[in-house]
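A structural walkthrough
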Amino acid sequence: MQEKIIILDFGSQTTQLIGRRVRELGEYCEIIPYNKFPYDDSSVIGVILSGSPFSVYDEKAFRTELSRLRGHIPVLGICYGAQFIAYTSGGTVEPAPSREYGRAHLTEIDHADPLMKDIERGAQVWMSHGDTITSIPASFKTIASTAEVPVAAYRVEGEKTWGVQFHPEVYHSECGTQLLRNFVVDICGGRQDWTAESFIDSTVRELRRTLGDDKVVLGLSGGVDSSVAAVLLNRAIGKNLTCIFVDHGMLRKDEFRNVLKDYEGLGLNVIGVDASEEFFTNLAGVTEPERKRKIIGKGFIDVFDREAHKLKDVKWLAQGTIYPDCIESLSITGTTIKSHHNVGGLPEKMNLSLCEPLRLLFKDEVRRVGRQLGMPEHLITRHPFPGPGLAVRILGDITPEKVRILQEADDIFIRSLREDGLYDSVWQAGVILLSVQSVGVMGDERTYERAVALRAVTSTDGMTADWVHLPYEFLAKVSNEIINKVKGVNRVCYDISSKPPATIEWE
Ligand code: XMP
């Protein structure tokens, strides 16, 4: 049985990071809403309570029953998790004199405590809380302090329960990995047996058992997730898998042809469908961003459904859904900023059973699995690309001519990033075709042509992002090449907005 750590999610923005860090240690874990602990699951070897946007005093604060956890399995509370354990045992939690946010250093450490093994005095930790524990019950023992926070970490004597008020999962916490390793491996006894190889073996076995001789259809997008899902399924059920790759006409330059060739090289059974004309017709004259997205989303479902119906006896629809898409969200606001077309819609329409072999993996794990499956590096390290493609990078209405202009400019930018060794240090890059024209001069001629914006960002998950400080010489070279070679463009700008408040795509 696959042993696991459970992370109880109290709504912190860093809960997913805890999961990723535990997985990086080679230990399998699952993120579960704070009130849904699987008490009947005997494979759970430890539990981590996450942080939370709430204070323990808040009426709406998320609470969980600790008596069934404490004393039964090892428990580690992080930030709110630590405050919640202390508070419910009679400790005092109070608003911090100033909201504590940012770097601090561990001044006192109890090295005899297993959680603090090999953590150096002075190690930097990351604090982010409005409250702080000001007194702990008699059975609690302080095991680390910082200059401002006397109880930076504690242990409950006589049981395997710990709390830390800092965030070991955040990369700024230098001792974070060591602390999590101490908990997961030494305290919980984790075997660290979660590897790409073990995942592939068990998933292939499981897929063969579940799918038997059934036929499966999968939509490829050219992106990492759907590609890895396809190769994994191909290994499990071979020719019973049919992949459909739809060209909506708004892919990058030559992408349809190149990616199709890659897929065929991987031995996949792929049907490439060029539906670009249909999409251009449906989009003609449409300028409103959400309407464009909806039209492409619906068009994609229609084309896919039509193609899939040409196949006989298909029982399953496979998708490259990954873990961050599945974690039950505790989002408190729930506002839709943009509708991402590839999430939802298709399964309801097609009346097929859903098969999602990557639903337990984080993005970096998907990449590791892809490498282990022997997929080419350029497919694995590919930047993310939005489902609606260049349509959300053309402001205003879409025409084949505008797509052509953007494809040329984008090709120059991306190729240059690769040639100058910058591609892998950028999380995502692309060009946006603006809806303004400006005056320029070419030779002796006055021009009145379009402007494009270059966008390159760093990010870990697309939720937040910052613009990349690309070298001026590089930007100059790309700008020159675009203006000289792409007919219809006479001005290049560089987008220096971070997310938030901007977003990565312009629409
Ligand atoms: P935003 O623009 O919301 O983008 O900051 C965040 C990330 O999501 C990608 N994106 C999409 N991906 N379907 C997708 O699969 C979509 O409709 C879509 N819209 C945006 C975007 O490229 C970035 O990586």
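Thresholds applied
- Residues numbered from 1 in each chain as written.
- Predicted model: local features only at pLDDT ≥ 70, side-chain atom pairs only at ≥ 80, totals over all residues.
- Heavy atoms only, no water.
- Salt bridge = Lys/Arg side-chain N within 4 Å of Asp/Glu carboxyl O.
- Helix = DSSP H or I, 4+ residues; strand = E, 2+ residues; numbered from the N terminus.
- Buried < 20%, exposed > 50% of the residue type's maximum accessible area, 1.4 Å probe, protein only.
- 1 Å grid on protein atoms, 1.4 Å probe; cavity = no way out; pocket = protein on both sides within 12 Å on 5 of 7 lines; lining within 4 Å.
- Points joined across faces, edges and corners; volume = space filled by probe spheres on them.
- Nonpolar A, V, L, I, M, F, W, Y, C, P; charged D, E, K, R; others polar.
- Pairing = 2+ DSSP bridges.
- Axes fitted to C-alpha atoms, helices over the stretch in contact; angles between N-to-C directions.
- Contact = heavy atoms within 4.5 Å.

To continue, consider the pattern of salt bridges. Tallied over the entire structure, the rule returns 35 salt bridges. One salt bridge connects glutamate 3 with arginine 191, and the closest N-O pair in it is separated by 3.6 Å. In this pair, glutamate 3 sits in the segment before strand S1 (4-9) while arginine 191 sits in the loop between helix H3 (176-187) and helix H4 (196-211), placing the two residues 188 residues apart along the sequence. Of the residues examined, arginine 191 reaches a relative accessible area of 52% and is grouped as exposed. Aspartate 193 is paired through a salt bridge with arginine 191; the nearest N and O atoms lie 3.4 Å apart. A residue is classified by how much of its surface remains accessible, and aspartate 193, at 25% relative accessible area, is partly exposed. Through salt bridges that share partners, Lys253, Glu408, Asp411, Arg415, Glu419, Glu481 and Lys485 make up one connected network.

Further remarks concern the layout of surface pockets. To find leftover empty space, a probe the size of one water molecule is rolled over the atoms. Its boundaries defined by the atoms lining it, the second largest pocket holds a volume of some 470 Å³. The wall of the second largest pocket is formed by 21 residues, among which Ser202, Thr203, Glu206, Pro357 and Leu360 lie closest to the centre. Counting residues per element, the ones that place at least two in the lining of the second largest pocket are H4 and strand S14 (353-355). Of the residues forming the lining of the second largest pocket, the biggest block, ten residues, is contributed by H4. Tallied by class, residues from the lining of the second largest pocket come to ten nonpolar, five polar and six charged.

Attention shifts here to helix H2 (residues 80-88). For H2, the buried fraction is high: seven of the nine residues fall into the buried class. For H2, the full list of buried residues reads Tyr80, Gly81, Ala82, Gln83, Phe84, Ile85 and Ala86. Looking one or two residues beyond H2, the residue adopting positive phi is glycine 90, at roughly 100 degrees.

Take the sheet that holds S14 next. An order of S12-S11-S10-S13-S14 is seen for the five strands of this open sheet, with the pairing classed as parallel. Edge positions in the sheet fall to strand S12 (270-274) and S14, since each of these pairs with one other strand and no more. Averaged over all pairs of adjacent strands, the angle between strand axes in this sheet comes to 30 degrees, irrespective of strand direction. Here strand S10 (residues 215-220) pairs with strand S13 (residues 314-318) via four bridges, running parallel. Looking at the pairing, leucine 218 lines up with alanine 318 of S13. Together, S10, strand S11 (241-247), S13 and S14 form the strand contacts of helix H5 (residues 224-237), whose direction differs from that of S10 by roughly 160 degrees.

Don't take any of this as a statement about function, it's just geometry.
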